[in-house]
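Structural features, examined
The primary structure of each chain is shown beneath.
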Amino acid sequence: MPEYIIKDGQFAAIARRLLRFRHLQRLAVRGRIRTANFGRSPPPDRVEGQLPAMGRFDDRPWPGVEPPCTFPGNESVCPERFIGMTSTLPPSADRGRRADDGGFGRGGEFAVAGFHSAMRRWLDNPETMIESARTAADSIEHDLGRDFGSEEMRIYPLLSPDSLAAALVDMSGQVVAASPVFVAEKAERYIDPAVVGQVLRTGRTCVAPVAIESGDGGLDPVIFAYGAAVQAASWILPSEIRARAELAGGHVVVLATITSLRATPLKAACETFGLTGLQTRVAMATIRCGTIKQAAAQLDIAYDTARETLSEAMRRVGVDRLPALVASLASLAFGVLPEGYAAGLLEDIWGLSSRQAALASLIAEGLSRDAAAQRLGVSRATAKKELDRIYDCLGVSSAAALARAVIEAQALSCTTAATQGQVALAHDHAEPLRMMPRGDGTRIAWSDYGPASGKPVLVVHSSMTSRPVSRALVVALQAAGGRPIAIDRPGFGMSDPFHGMEPGAHDPFAIATRDVVSLCSKLRIPALDVVARGGAQHVLALADAAPELIDRVVLVNPDPHTEDKGRRWGPLGAVKEAYFRNPRLVAMMVRLISAHLTPERVARMMERSFAGSPPDLEAIRDPQVRSDYYRAVRMFATGRVAGYVNEQIAMATATRPAPRPQHCRWTVLIGEHDALHDPADVRAYWQEVLPRAKFVEVMGAGRLLAMTEADLVARALTGIPPR
């Protein structure tokens, strides 16, 4: 059989018309095709047959072929894209980033300056804003809508540092610095110096699907992104890359979507859902191989065993189709990915039409082909034909493999979104995250800090934070014999909201009790103590719904619902007043603020917000306190704000709860200082609701009492006689 040699300049014109990717891949695997890289030498350790340099896009026109990304007839015919081709990322993939705007579609400086100007009005002149909220709340809504469009209210991913396979390379393609993942996977073998040179010449970001060797000797498609260092400085980058002075120019940053193939992050994702050892091994093999049959063969187990094992794994994850299982695990291996980022990059990298990209995304979500066809309003035959084209374009042969490709595209798109590198890296203090499915397929996120022998203590988060518990409070409760457990309420953190629950049309505090009861049933917890860092309304609802479940309760600085006669001051008070006067401002303001939740900005906002509370100002000088607070609010930056919106609207529109004289084993701790409420008003409010509770004013403490006086909180809990 003759050996086929295809020159770079001829490849695209010939391949697009005559060959399909799977055929080329089979030829490569059989050693019947290789590349001829005229004008440059391939890296010495590049494996022949992997096709990394074939059909590379550059800035030179091809004879008789349209320039890159301008294929005519794209809506009806899937252009043939091959592993090794690159594509320049247009604004759709970069989410509005342009080389001349500093990372913001409307101009980076304008957007940031506009945000800071708006926030200064609330932070520097809260009394004026409180008066404005009382007299002209509708005009505040109008001004925010006029000044800040959807581009400023963007959302960002929260990525694990282990998910970032990244390198900084010089103009010759030699690695200057690399992340541990990049080094471990020996990803430098797949760097294309020609693409590096193209990026440096044109200043445009390029993406390149590349075939890498898999553990079973086959080939796995992986996406590489190349960006000029000056522009890539706004990407989410590991510290090894961001710290290098070479980012000033003359270098290129390379990112690779290898994480979903790596054992460590995938295993952690499986553990999050409580999969057994066998379920984890079968799930990981299926993600790598793409089909159950191939996974069973790789693990040397029976096909029926693999299928039954995956069925149980799907039950634990809360999905009913294999692609959804793959998508759930692969996505969690990267971190927390906002929805809807994949479609644009699928079009840009693989040349899918908009309809094909939408179909691929739906299949990855777990929909059947027929259900996806119905969702898109196309016939079954059309969906089948389009799906065949998608498989050919991506070089996959199963819906599970397609799901992995979609998640990788989503992760890459999120990683290269302009965030100034601050918003989206997970903290080095890992949370013991666990996930549990609800009956409707949505999920509950929770953390069990242990030890298993301790008395369960439900640590309730406030309406302005999420599940992560401060390290000081965890240590204090454990030392007191407790087992801290925290749950993200619906729509907070990583817990999904309940379907069909419109803000203002339901009681979110009562709805959230379902998750607590379900989790306690799963963990076989007959009774637990409660420490609430805010969120008192949820504790009341839980005591009403499951009184037998609640033993001892400590409420720390419980917020009253917003009343017309309540005293408010400071920036937080101004925001509360605005919410009370116009509940529509809740969603608008939280999305605006969330899009700018860097650690530095959170620290500055804390300084201004706690200006009237000396102990809180002293507390936030502690790096651990600042870090723990940021961990508790950072999930809002991923767009997960439904819970906050629901609860803030409920607080602004609810009435005072009826007295609960039956609650006698409750202690309420109120700090001497509070930047949001008058402590005397808080005490009077809750004494009416909880007439038999014990009230303690903590002198010298502020709103962050649960973080700064953790030992006192633990003593208050153990000082209550158990049932």
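Further up the page is the structure itself.
Residues numbered from 1 in each chain as written. Predicted model: local features only at pLDDT ≥ 70, side-chain atom pairs only at ≥ 80, totals over all residues. Heavy atoms only, no water.

Describing the overall build of the protein
Helices and strands together make up the secondary structure of the protein, namely 32 helices and 18 strands. Put simply, of all contacts in the protein between residues at least 6 apart along the chain, 75% involve residues at least 24 apart. (Helix = DSSP H or I, 4+ residues; strand = E, 2+ residues; numbered from the N terminus. Contact = heavy atoms within 4.5 Å.)

Focus: the pattern of salt bridges
Any two side chains of opposite charge can pair, on the condition that their charged atoms come close. One pass over the full model with this rule turns up 22 salt bridges. With its nearest N and O atoms 3.5 Å apart, the salt bridge here joins arginine 389 to glutamate 386. Taken together, the positions of arginine 389 and glutamate 386, both in helix H18 (residues 380-394) and three residues apart, correspond to about one turn of that helix. For glutamate 386, a relative accessible area of 3% puts it in the buried group. (Salt bridge = Lys/Arg side-chain N within 4 Å of Asp/Glu carboxyl O. Buried < 20%, exposed > 50% of the residue type's maximum accessible area, 1.4 Å probe, protein only.)

Some thoughts on the pairing of strand S17 (residues 666-671)
When you tally the buried positions in S17, you get six out of six residues, the bulk of the element. A two-sided burial pattern is seen for S17, the buried positions comprising Trp666, Val668 and Ile670 on one face and Thr667, Leu669 and Gly671 on the other. In this structure, strand S16 (residues 550-556) lies alongside S17, joined through four bridges in parallel fashion. Across the sheet, the residue bridging to valine 553 is tryptophan 666, located in S17. (Pairing = 2+ DSSP bridges.)

A word on the sheet that holds strand S11 (residues 433-437)
Taken together, eight strands build an open sheet; the order of strands is S11-S12-S14-S13-S15-S16-S17-S18 and the sheet is mixed. Both edges of this open sheet fall to S11 and strand S18 (694-698), since each of them pairs with a single strand only. Averaged over all neighbouring strand pairs, the angle between strand axes comes to 25°, with direction disregarded. Where strand S13 (residues 455-460) and strand S14 (residues 482-487) come together, five bridges link them in parallel fashion. (Axes fitted to C-alpha atoms, helices over the stretch in contact; angles between N-to-C directions.)

Some thoughts on the pairing of S11
Relative to strand S12 (residues 443-448), S11 is paired through five bridges, and the arrangement is antiparallel. Note that in S12 the partner of methionine 435 across the bridge is alanine 445. Joining the antiparallel neighbours S11 and S12 is a turn of five residues, in which glycine 441 adopts a positive phi near 95°.

Description of the packing of helix H14 (residues 322-334) against helix H16 (residues 354-365)
At a minimum axis separation of 6 Å, H14 and H16 run at an interaxial angle of 90°. In terms of orientation, H14 and H16 fall into the roughly perpendicular class. Across from Pro323, Ala324 and Ala327 in H14, the residues of H16 making contact are Ile363, Ala364 and Glu365. In terms of residue class, the contact of H14 with H16 is made up of five nonpolar, no polar and one charged. (Parallel < 35°, antiparallel > 145°, perpendicular 65-115°, else oblique. Nonpolar A, V, L, I, M, F, W, Y, C, P; charged D, E, K, R; others polar.)

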